[in-house]
Amino acid sequence: VDSLTLGNQVYTQAELFGILANSPRADASLQLAWPLIAAILSTAEGSDPSPVCETLVHANGLLGGYDGKLPYRVKAASAAGQAMLGDAAMLQTYNGKLLTPNCQP
């Protein structure tokens, strides 16, 4: 893809690679961005989004609450950080094909 929208921001391919190159350990927004990017790309390639439709909307809503582009330096212990980590966990489960076990490549 040439670009993706995360939250309210459009990111170029180069910006997405930059996000993926950052260590997400201390920033809940990056911990969410990584699996969110993967899930969006998977659904664009035909993966069934129904198990995570609400999570995709919620995750984009969380990121859309911030000005500018990632990273937002959200502390994991904060309420927003906890919400981001919850969505990230669900998206990681989806990306690991645990929510769509009958899908074939």
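See the structure shown above.
The text that follows walks through the structure, step by step, so that each part is easy to find. Note that the structure is a prediction, hence the values are computed from the model and not measured.

### Focus: the overall build of the chain
No. 1: When you go through the chain residue by residue, the secondary structure sums to 4 helices and 2 strands.
No. 2: Ordered by position in the sequence, the α and β elements of the chain form the string β-β-α-α-α-α.
No. 3: Its C-alpha atoms give the chain principal-axis dimensions of roughly 35 × 30 × 20 Å.
No. 4: Counting across all 105 residues of the chain, residues that qualify as buried make up 33%.
No. 5: Considering only contacts within the chain whose residues lie at least 6 apart along the sequence, 64% involve residues at least 24 apart.
No. 6: As displayed, the chain has an accessible area near 6000 Å², and 55% of this comes from carbon and sulfur atoms.
No. 7: The centroid of the 5 positive side-chain charges in the chain is displaced by 12 Å from the centroid of its 8 negative side-chain charges.

### Looking at the side chain of Thr55
No. 1: Residue position: Thr55 is located in helix H3 (residues 53-64).
No. 2: Judged by its relative accessible area of 12%, Thr55 falls in the buried class.

### With respect to the packing of aromatic side chains
No. 1: Tallied over the full model, the rule gives 1 aromatic pair.
No. 2: Here Tyr66 and Tyr72 contribute two aromatic rings whose centre-to-centre distance is 4.9 Å and whose plane-to-plane angle is 15°, an arrangement assigned as stacked.
No. 3: Given the relative accessible area of 12%, Tyr72 is considered buried.
No. 4: The aromatic ring of Tyr11 is capped on one face by Lys69, whose charged end is 5.1 Å from the ring centroid.

### Describing unusual backbone geometry
No. 1: In this structure, the amide linkage connecting Leu70 to the following residue, Pro71, adopts the cis form with an omega of 0°.
No. 2: In this fold, Pro71 is placed in the loop between H3 and helix H4 (79-95).
No. 3: Here Arg73, not a glycine, exhibits a phi torsion of approximately 55°, which is positive.
No. 4: Within the fold, Arg73 resides in the loop between H3 and H4.
No. 5: Judged by its relative accessible area of 66%, Arg73 falls in the exposed class.

### Notes on the environment of Ala28
No. 1: Residue position: Ala28 is located in helix H2 (residues 28-44).
No. 2: The spacing of Ala28 and Ala88 is 60 residues in sequence and 8.8 Å in space, taken between C-alpha atoms.

Scoring rules and cut-offs
- Per-chain numbering applies: the sequence of each chain, read as written, is numbered from 1 onward.
- It should be noted that, the model being predicted, local features are given only for residues of pLDDT at least 70 and side-chain atom pairs only at 80 or more, the latter also being counted only at that level, while totals for whole chains, interfaces and linings use all residues.
- Neither water nor hydrogens contribute to the side-chain values; these are computed over all heavy atoms in the structure.
- Runs of E in the DSSP output that reach at least two residues are strands. Runs of H or I that reach at least four are helices, and both are numbered from the N terminus.
- Burial status follows relative accessibility: with a 1.4 Å probe on protein chains alone, a residue under 20% of its type maximum counts as buried, one over 50% as exposed, and anything between as partly exposed.
- Throughout, a residue-residue contact means that at least one pair of heavy atoms, one from each residue, lies within 4.5 Å.
- A 1.4 Å probe and the Shrake-Rupley method give the accessible areas. Residues count as covered only by the protein chains that appear here.
- By the counting rule applied here, Lys and Arg register as positive and Asp and Glu as negative, while His and the ends of each chain are not counted.
- A single reference atom marks each charge: NZ on Lys, CZ on Arg, CG on Asp, CD on Glu.
- The aromatic pairing rule takes the rings of Phe, Tyr and Trp, using the six-membered ring of Trp, and pairs them if the centres are within 6.5 Å, calling planes under 30 degrees apart stacked, those over 60 edge-to-face and the rest tilted.
- Comment: the charge-over-ring label is applied if NZ (Lys) or CZ (Arg) is within 6 Å of the ring centre and within 35 degrees of the ring normal.

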